[in-house]
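# A look at the structure
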Amino acid sequence: MAIKLVPDLIVADIHDITPSLLIDNNIGGVMVDLDNTLACYNEREPGEDIVEWVKSICDSGIKLSIISNNKQERVDRFNAKLGLQFNVARANKPFKRVYVEVARKMGLAHDRIAVVGDQIFTDVLGGNNVGMYTIMIISKSRTWNSLLAMRRALEMPFIKQYERRLNKQNQKSKTGV
Ligand SMILES: [Mg+2]
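Not measured: the values here are computed from a predicted model.

Glancing now at the overall build of the protein chain. Tallying secondary structure elements over the protein chain gives six helices and five strands in all. The N-to-C order of helical and strand elements in the protein chain reads β-α-β-α-β-α-α-β-α-β-α. On C-alpha atoms alone, the protein chain measures out to a radius of gyration of 16 Å, which is about the 16 Å that the 2.2 N^0.38 rule sets for 177 residues. Each principal axis of the C-alpha atoms in the protein chain carries an extent, and together these give about 50 × 40 × 35 Å. For the protein chain, buried positions account for 34% of its 177 residues. Once local pairs closer than 6 in sequence are excluded, the contacts in the protein chain between residues at least 24 apart make up 64%.

As structure tokens, then:
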């Protein structure tokens, strides 16, 4: 089986993911990563903007769960203000099991679920492998270190591949072919 490392969509920030964007793509549920996606590593509780974002998604009838490889305590503390269901800590992304289980709890087909995260080798790979719509967030991290820089260097060929695909699509829609 081919390894699928190119996301369906790349956005700068979580706030670019609006209810209408999800609804336009027939998405009924979202599995969102925590670290460097909803929050920086040192943010233990969600900011007001994240509380608002979560509310806007849930109010539109879309199911939302946090799926994180971090500890249970980290996820529980962050979720205290949000009250989301079916969250999973120590999720072992990119392995399939967690995605399949949460999809079943959400009661949704895989192609109606978006996986949102900042890492190609966990979030995007995991979501792509189970046929979900994958959205990569690229700008949340404010604490840039050598490990992150190395990871991003490894991810870059796949980000470039995404950009080439996007350019092709834009070209096609301009010329109408
Ligand atoms: Mg992350």
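From this point, things continue past the structure.
Where burial is concerned, most of strand β4 (residues 113-117) is hidden: five out of the five residues are buried. The two faces of β4 match: Ile 113, Val 115 and Gly 117 on one face and Ala 114 and Val 116 on the other face are all buried. The pairing of strand β2 (residues 29-32) with β4 spans four bridges and is parallel. Bridge assignment links Gly 29 to a residue of β4, and that residue is Ile 113. The pairing of β4 with strand β5 (residues 133-137) spans four bridges and is parallel. Paired with Ala 114 across the bridge in β5 is Tyr 133. What joins β4 to β5 is helix α5 (residues 120-129), and the crossover it makes is right-handed.

Of all five residues in β5, five are buried; the element is thus mostly enclosed. Neither face of β5 is exposed, since Tyr 133, Ile 135 and Ile 137 on one face and Thr 134 and Met 136 on the opposite face are all buried. With three bridges joining them, strand β1 (residues 9-11) and β5 adopt parallel strand pairing. Bridge assignment links Ile 10 to a residue of β5, and that residue is Met 136.

Here we take up helix α4 (residues 97-106). Regarding α4, the residues found buried are Val 98, Tyr 99, Val 102, Ala 103 and Met 106. Projection of α4 onto a plane perpendicular to its axis shows the buried side chains occupying an angular sector of 130°, all on one side. Residues Val 100 and Arg 104 are exposed on α4 and point more than 90 degrees away from its buried face. The elements touched by buried residues of α4 are β2, β3 (63-66), β4 and α5. One or two residues past the end of α4 sits Gly 107, with phi positive at roughly 70°.

With that settled, the discussion passes to the nonpolar core. Val 30, Ile 113 and Ala 114 are the most contacted members of the largest nonpolar core, which has 37 residues in total. Every residue in contact with Ile 113, bar those within four places of it in the chain, is listed here: Ile 27, Gly 29, Met 31, Ala 103, Met 106, Leu 108, Met 132 and Tyr 133.

This part covers the sheet that holds β2. Taken together, five strands build an open sheet; the order of strands is β1-β5-β4-β2-β3 and the sheet is parallel. Strand pairing shows two members of the sheet lacking a second neighbour, β1 and β3, which therefore form its edges. Within the sheet, the average angular offset between the axes of one strand and its neighbour, ignoring direction, is 20°. Each of β2, β3 and β4 touches α4; the most contacted strand, β2, lies at about 145° to it.

Summarising the element assignment, Ile 66 is placed in strand β3. Note: C-alpha distance between Ile 66 and Phe 86 (20 residues apart in sequence) is 7.6 Å. Once you skip the residues sitting within four places of it in the chain, Ile 66 turns out to touch Val 32, Leu 34, Val 75, Asn 79, Leu 84 and Asn 87.

Take helix α3 (residues 72-79) next. Since the α-helix advances by 3.6 residues per turn, residues separated by three or four positions end up pointing in the same direction. Burial in α3 covers these residues: Val 75, Phe 78 and Asn 79. Mapping the buried residues of α3 onto a view down its axis gives an arc of 95°, with all of them on the same face. Pointing more than 90 degrees away from the buried face of α3 are the exposed residues Glu 73 and Asp 76.

What counts, and at which threshold
- Residues numbered from 1 in each chain as written.
- Predicted model: local features only at pLDDT ≥ 70, side-chain atom pairs only at ≥ 80, totals over all residues.
- Helix = DSSP H or I, 4+ residues; strand = E, 2+ residues; numbered from the N terminus.
- Rg over C-alpha atoms; globule rule 2.2 N^0.38 Å.
- Buried ≥ 20, exposed ≤ 12 C-beta atoms within 10 Å, placed from the backbone.
- Contact = placed C-beta atoms within 7 Å.
- Pairing = 2+ DSSP bridges.
- Right-handed = clockwise from strand over helix to strand, strands pointing away.
- Arc of directions from axis to C-beta.
- Core = buried A, V, L, I, M, F, W, Y, C linked by C-beta atoms within 7 Å.
- Axes fitted to C-alpha atoms, helices over the stretch in contact; angles between N-to-C directions.

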